[in-house]
Amino acid sequence: YDKLQGLVENIYNTEYLAKIIPAWNTDFPQEPGMGRMALQRNFFSECVAGNKERTVVIISDAMRYEVGKELFRKMQDDPKCSAKLEVQLSVLPSYTRLGMAALLPHTELTMTDDFKVLVDGLPCDNLSEREAILQKYNADAVCVQFDSIKSLKVAELRSVFTGKQVVYIYHNQIDARGDKPNTEDEVFVACSEAVAEIIDLIRRISTSANTYRFIVTADHGFIYKRDKVAESDKIDGIKSKTAFVNRRFVVASEPISGDGIAIMNMGTILHSTDSKWVSFPISDDVFKVAGGGQNYVHGGSSPQEMLVPVLDIK
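Predicted model only: the values in this text are computed from it and were never measured.

This part is about the overall build of the chain. Scanning the chain from terminus to terminus reveals 12 helices and 17 strands. In summary, the chain has a C-alpha radius of gyration of 20 Å against a globular reference of 20 Å for 314 residues, a match within 12%. Dimensions of the chain, computed from the C-alpha atoms along their principal axes, are close to 55 × 50 × 35 Å. For the chain, with 314 residues in total, the buried portion stands at 53%. The contacts of the chain with a sequence gap of at least 6 include a subset with a gap of at least 24, amounting to 74%. By element, 52% of the accessible surface of the chain is carried by carbon and sulfur atoms, the whole surface being about 14,600 Å². Looking at the chain, you have 36 positive and 43 negative side-chain charges, and the mean spots of the two groups are 4 Å apart.

The strand order across the open sheet formed by 4 strands is β11-β12-β14-β13, and the pairing between neighbours is antiparallel. Across the chains shown, the open sheet's two edge strands, defined by having one partner strand only, are β11 (244–245) and β13 (261–265). Where strand β12 (residues 250–252) lies against strand β14 (residues 277–281), 3 bridges are found, and the strand directions are antiparallel. Paired with A252 across the bridge in β14 is W277.

The next subject is unusual backbone geometry. Geometrically, the link from L92 to P93 is a cis peptide bond, its omega value of 5° lying close to zero. Phi at F115 is positive, roughly 70°, even though this residue is not glycine. Position of F115 relative to the elements: it lies in the loop between β3 (109–111) and β4 (117–119). The class of F115 is buried, set by a relative accessible area of 13%. The phi dihedral of H271 is positive, around 55°, even though this residue is not glycine. Tracing the sequence through the fold places H271 in the loop between α11 (266–270) and β14.

With that settled, the discussion passes to the pattern of salt bridges. Per the counting criterion, the structure on display carries 17 salt bridges. With its nearest N and O atoms 3.4 Å apart, the salt bridge here joins R203 to D78. With a gap of 125 residues between them, R203 in helix α10 (residues 187–208) and D78 in the loop between α4 (65–76) and β2 (83–89) connect regions that are remote in the sequence. Looking at R203, the relative accessible area reads 41%, which means it is partly exposed. Judged by its relative accessible area of 15%, D78 is buried. Among the salt bridges present, the one from E193 reaches R177, with a minimum N-O distance of 3.1 Å. You can see E193 sitting in helix α10 and its partner R177 sitting in helix α9 (residues 174–178), a full 16 residues away along the chain. By relative accessible area, R177 is classed as buried at 16%.

Pairing is mixed across the open sheet formed by 6 strands, whose spatial order is β2-β17-β8-β1-β7-β6. At either margin of the open sheet sits one strand with a lone partner, and together these are β2 and β6 (141–145). Within this sheet the neighbouring strands show an average axis-to-axis angle of 20°, counted without direction.

Attention shifts here to the pairing of strand β1 (residues 55–60). Taking burial as the measure, the 6 residues of β1 include 6 buried ones, the bulk of the element. Neither face of β1 is left uncovered, since the one carrying T55, V57 and I59 and the one carrying V56, I58 and S60 both have all their residues buried. Where β1 meets strand β7 (residues 166–171), 6 bridges bridge the pair, whose relative direction is parallel. Of the residues in β7, the one forming a bridge with S60 is H171. Here β1 runs beside strand β8 (residues 213–217); their pairing, made up of 5 bridges, is parallel. Bridge pairing in β8 links I59 to T217.

What counts as what
Residues numbered from 1 in each chain as written. Predicted model: local features only at pLDDT ≥ 70, side-chain atom pairs only at ≥ 80, totals over all residues. Heavy atoms only, no water. Helix = DSSP H or I, 4+ residues; strand = E, 2+ residues; numbered from the N terminus. Rg over C-alpha atoms; globule rule 2.2 N^0.38 Å. Buried < 20%, exposed > 50% of the residue type's maximum accessible area, 1.4 Å probe, protein only. Contact = heavy atoms within 4.5 Å. Areas by Shrake-Rupley, 256 points an atom, 1.4 Å probe, with all protein chains shown as cover. Lys, Arg positive; Asp, Glu negative; His and termini not counted. Charge placed at Lys NZ, Arg CZ, Asp CG, Glu CD. Pairing = 2+ DSSP bridges. Salt bridge = Lys/Arg side-chain N within 4 Å of Asp/Glu carboxyl O. Axes fitted to C-alpha atoms, helices over the stretch in contact; angles between N-to-C directions.

This is the structure:
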């Protein structure tokens, strides 16, 4: 299948990504581009806050829109289930720390000068920190890891949900595999397994814990290519010691100028007074940085990275 794989990859890169991402980036960085879509930073207030019944929010790391649509199709096949699929525009940079923060309730999102992310001035990097933020808005809320509940017996699972109004479950199948150089080529398998795991989890919770409202979303998506990234697809010369440099974005106090690079003010993205700048490739190119793992990337501005599914399942 080598010839076929090469043909598919070539069409995907040259006929699809090379056209759709620059077209997207002529529109998205302008305020009207952002204003036409539901924004991830409004997720809690628009999707969770007003729900009267217990709501389980499943956040699957790197579940891009197409994977969410696959989950949606399978849930539609269940006669006991009604499902609605919508889309939200993630924050930029489209990476885990900022995306996870945007999904929490907040009045203010902040990226500090040393690039830590704060929600209303509080850190939100781990489970307990996220739970503390969630409980400020709803005392009957809890945060759990998927791995810690996936094997629980019925009574144990029920006890997690008893007396709770909002439950955030963090699931990490796709990003856990894609982000590591030695497993990034397993990303398609990881996507299939993520869909299967989430369906199984929803069925177990609904039958064992008297819970019938689920929202499934993601912190960001991803771009994946099977072929090795060519040197011509790497943007060189990004060497600032005071910048946050990633393959698909650079955050710094000054914007980066150069061919094939677009910029956006952090304050526009976070709806704040932040004066930092995000610089990102207009196409599917990457910034040249040290380290492995180049085929699976996220953080930049592309529909694949920034459009995340929001499934409302009952």
